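# Geometric and topological summary
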Amino acid sequence: MSRSDRSGHTPQEPQFGLAMVATTLVRRLEVDPASHPRGQPHISSASGLAIIGDWFYFVADDENHLITVPTDDVEAGAFQMLPLGAGRLPTDDGERKRRKKDLELVFDVPASAGAPRMLVAWGSGSRPSRDAGYVMALAPDGSLESSPRRVCLAPLHELLRRHTPELNIEAGLVVGDELHLFSRASAKAPSNGWFRIDLDAVIAFLLADGGTSQVPAVRFAELDLGRMGGVPLGISDATARTDGGWLLSASAEHTSDAYDDGRVEGSVLLACAQDGSITWRAQLDGHHKVEGIAFDGRGALWMTTDDDASDVPSQLRRLAWPPSGFAG
């Protein structure tokens, strides 16, 4: 695929029997090279998105940073990169892939008795080096109120691997009194893993000093989202809908496992009821690998892309919600 195909907005005809949904390119995730740890003029791997109050938050799986911008400045304002932990990643793509934390999702956890509202960045768990997360307290307006604190996710990820040996956590959201986590499908593991964990137990685990809290119990199910071009659809992010259901993004990527990247057939959106049943699905235009989705306060859906190439900027795209033909 040419670079113009990967980074631009290419109209296309619907494929695989799905309706096509058109999105709008708002901007590319360009940054001041002086602010980037490797001097890049852009973020190339935006893998997770959360919109909380007056702030947009991004994680990038090729960076050990939280990227922020105020909601009022999201269309043209400067992105800020907040380091999550010490140390810089290598400039070599292969070595960086081996050493990165692989932060794939970012979400907020509501305040509870004795615990503030928190922003959580979560590693994929696809390798032992990726069993890390970070928690930050949030102010009422959604701004950060504390420095990032590293959390060892290894004890919980070991429990999840008993259900899904090819663990690759890509999405998470709070639904009522549970945290839902999703492990992405691949050719080796063609069904997505769906984990449901008591939220109070998760909060206790995240706040425990040195991982001393008991590992919470997990409810597990598989979600088979079908295939596109013969490739399993793997979940890339999830966000709550105001009607109580949730929305998933998923991509069909030619990869045999949870570590390697591959060519992308396309991405889809899927609306789910609270029991996980799919009530609507549509294909997203272009050949973008959509990695992050979130609704803003006005109901518009925002999404980030990651083309798995350090020279291709991630995009921030928007979709008026609900799209034509939505029946979720």
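Residues numbered from 1 in each chain as written. Predicted model: local features only at pLDDT ≥ 70, side-chain atom pairs only at ≥ 80, totals over all residues. Heavy atoms only, no water.

## Structural notes on the pattern of salt bridges
Counted only if it meets this: When a carboxyl oxygen of Asp or Glu is within 4 Å of a side-chain nitrogen of Lys or Arg, the pair counts as a salt bridge. What counts as a helix is a DSSP run of H or I of at least four residues, what counts as a strand is a run of E of at least two, and both are numbered from the N terminus.
The tally for this structure, following the rule as stated, stands at 16 salt bridges. Its salt-bridge partner being R161, residue D131 comes within 2.8 Å of it at the nearest N-O pair. On the criterion of sequence distance, the pair formed by D131 in the loop between β8 (118-123) and β9 (132-137) and R161 in helix α3 (residues 154-161) is long-range, its members being 30 residues apart. A salt bridge links R196 to E178; the nearest nitrogen and oxygen atoms lie 3.1 Å apart. Of this pair, R196 sits in strand β13 (residues 192-198) while E178 is found in strand β12 (residues 178-183), placing the two residues 18 residues apart along the sequence. Shared partners join several salt bridges into a network, and the residues in it are D61, D62, K100, D102 and R130.

## Some thoughts on the sheet that holds strand β10 (residues 149-152)
Put simply, the rule reads: Two strands pair under a simple rule: DSSP has to find at least two bridges between them. Axis definition: a line fitted to C-alpha atoms, over the contacting stretch in the case of helices. Angles run 0 to 180 degrees between N-to-C directions. What makes two residues a contact is simply this: any of their non-hydrogen atoms within 4.5 Å.
Strand order in the open sheet made by the four strands is β7-β8-β9-β10, with antiparallel pairing throughout. Bordering the open sheet on either side are β7 (103-109) and β10, each of which pairs with just one other strand. Looking at each pair of strands side by side, their axes are set apart by 25 degrees on average, direction ignored. Note: β7 against β8, six bridges, orientation antiparallel. Bridge pairing in β8 places V109 opposite M118. Running over the sheet, helix α4 (residues 199-207) touches β7, β8, β9 and β10 and is turned about 80 degrees from β8.

## Here's the deal with a negative patch on the surface
Stated formally: Candidates for patches are residues over 30% relative accessible area with no salt bridge; among them, like charges are joined within 9 Å and nonpolar side chains (Val, Leu, Ile, Met, Phe, Trp, Tyr) within 5 Å. With residues, only the protein chains shown are counted as cover, and all accessible areas are computed by Shrake-Rupley using a 1.4 Å probe. As used throughout, the charge tally considers Lys and Arg to be positive and Asp and Glu to be negative, leaving His and the chain termini uncounted. For this purpose, a charge sits on NZ of Lys, CZ of Arg, CG of Asp or CD of Glu.
Judged by side-chain charge, D54, D72, D73, D141 and E145 come together as a negatively charged surface patch. Residue placement: D72 occurs in the loop between β5 (65-70) and β6 (80-83).

## With respect to the environment of G114
Checked against the element boundaries, G114 lands in the loop between β7 and β8. Each C-alpha atom, one on G114 and one on A204, is 9.9 Å from the other, the two residues being 90 residues apart in sequence.

## Observations concerning the sheet that holds strand β16 (residues 231-240)
Here six strands make up an open sheet; going across it, the order is β1-β19-β18-β17-β16-β15 and the pairing mixed. For this open sheet the edge positions go to β1 (20-21) and β15 (227-228), each flanked by a neighbour on one side alone. Here strand β18 (residues 264-272) pairs with strand β19 (residues 278-284) via five bridges, running antiparallel. If you follow C272 over to β19, its bridge partner there is I278.

## Quick word on unusual backbone geometry
Put simply, W321 and P322 share a cis peptide bond, and its omega is 0 degrees. Within the secondary structure, P322 sits in the segment after β22 (315-319). Here D102, not a glycine, exhibits a phi torsion of approximately 55 degrees, which is positive.

## Notes on the pairing of β12
Applicable threshold: Each residue gets one of three labels from its accessible area relative to the maximum for its type: buried under 20%, exposed over 50%, partly exposed in between, using a 1.4 Å probe on protein chains only.
With six of six residues buried, β12 is to be regarded as a mostly interior element. Burial along β12 is two-sided: the face carrying E178, H180 and F182 and the face carrying L179, L181 and S183 are both buried. Relative to β12, strand β11 (residues 169-175) is paired through six bridges, and the arrangement is antiparallel. By the bridge assignment, A171 is partnered in β12 with F182.

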